[in-house]
Amino acid sequence: MSDVALRVALDLDGSLESLGNSMTDLAEALEATADCSLVRFHSLSRSDEHSARLSLRPLWSPLWRRGRGAAIDALLPDVDVVHVAGLATPPTRRVPLIISVDDLRPLRGETRRYLRISQLRRAVEGGATLVASTHRARHEVQEVLEIDASRVAVVPPAVPRVPPVDAGADLVVNVTGLVDPLVELLPSLVRFVQPRGARVVVVASEKLNQRLKLLRLDVGLRSRREAREVLANARVVLHMSDGARFPSFAIAALSAGVPTLARATSINRELLSGAAALFSSDDDVLATLDELWDNPARRAVTIAAGRDRASDFAPAVAAQSYLALYRDVCRQRA
């Protein structure tokens, strides 16, 4: 395909992160380039003034969740490639379909009842290209779906830049997929911050926050939609993750200059090693936390390394990586 501006259709009903919609961040970064003519659309929700209207969308949306229904490129303006990242995997008639797979939980054994595996297999059989956020995630997607590695690309999602945090006071704990380890750790975290005149603030799902209320600990409980506000007052971030999702919150914290601890999952080792403090055992958290909280030299080194690493995942970087992928799949289809 020649080096002309690509016509890209991007589904905004995609990857919803605690700091916002990463597909919206990607859309804005793509539009800032001279290499892309972008058509925004909503596959599962109502269109707005900035997005293309899909004829009979309420009829097709349930079918698109199963990879069936009307070819979506027939409902859109003329485009070269369609990119989705959420529950919809609509068929296409003429152009390549790219599907970002940011959440691995529906692919793991305990959630196979959600039919994500058969949905993605059907899409790949129809010619779609899957996109994993890391090499480790790519391996898991390939293994679970039993597909060739050539059908899964690796492109990290866009992580929004957040304002620098210069005088944060809280220990912010971001939780994704881990409950029991957090419940065991929280009393120790509260005892750690109290002599320092600080507080623990947990960012979690509403369901988990309801459970944490029953512990009657001196802990602030905030919803994911408040993540930006919480991060703005963080002195240290503790990222408690099961490794099923891209660690956008941790990377955003690094970009804001907040020293960050994270569990040493395979995905975190791939992305955060050398920038965040990784721990293999929850028993190591307090000692590492002490260093990141009170040691000025350790904080300075960690902050510099974190900001440098976070720059690799800025929306502008993600946009260039996706543009390269769009061109590649279009050349293969030509």
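So, how was this worked out
Residues numbered from 1 in each chain as written. Predicted model: local features only at pLDDT ≥ 70, side-chain atom pairs only at ≥ 80, totals over all residues. Heavy atoms only, no water. Helix = DSSP H or I, 4+ residues; strand = E, 2+ residues; numbered from the N terminus. Expected span 1.5 Å × (residues − 1). Buried < 20%, exposed > 50% of the residue type's maximum accessible area, 1.4 Å probe, protein only. Contact = heavy atoms within 4.5 Å. Pairing = 2+ DSSP bridges. Axes fitted to C-alpha atoms, helices over the stretch in contact; angles between N-to-C directions.

## Comments concerning helix α12 (residues 315–333)
The terminal C-alpha atoms of α12, which comprises 19 residues, lie 27 Å apart, in line with the 27 Å expected from a rise of 1.5 Å per residue. For α12, every residue scored as buried is listed here: P315, A318, A319, Y322, L323, L325, Y326, R327, V329 and C330.

## A word on the environment of A250
Along the chain, A250 turns up in helix α8 (residues 248–255). Here the alpha-carbon distance between A250 and L238, two residues 12 residues apart in the chain, equals 8.1 Å. Discounting chain neighbours no more than four positions away, the residues touching A250 are H239, T260 and L272.

## Let's talk about the sheet that holds strand β14 (residues 277–279)
Spatially, six strands are ordered β11-β10-β9-β12-β13-β14 in an open sheet, and the strand pairing comes out parallel. In this open sheet, the two edge strands, each paired with only one partner strand, are β11 (219–222) and β14. Each strand of the sheet is rotated relative to its neighbour by a mean of 20°, with strand direction disregarded. Pairing geometry for strand β13 (residues 260–263) and β14, over three bridges, is parallel. Counterpart to R263 in the pairing with β14 is F279.

## A short note on the sheet that holds strand β8 (residues 152–154)
Strand order in this open sheet of six strands is β4-β1-β5-β6-β7-β8, and the pairing throughout is parallel. The outermost strands of the open sheet, each flanked by one partner alone, are β4 (36–41) and β8. Put simply, the sheet's adjacent strands are angled 25° from each other on average, direction ignored. For strand β6 (residues 97–101) and strand β7 (residues 129–132), the ladder comprises four bridges, and the chain directions are parallel. Each residue of the ladder has a partner; that of S100, found in β7, is V131. Against the sheet, helix α1 (residues 22–31) makes contact with β1 (6–11), β4 and β5 (81–84), and its axis sits at roughly 150° relative to β4, the strand it touches most. Of the strands in this sheet, β1, β4, β5, β6, β7 and β8 touch α12, which is tilted by about 110° from β1.

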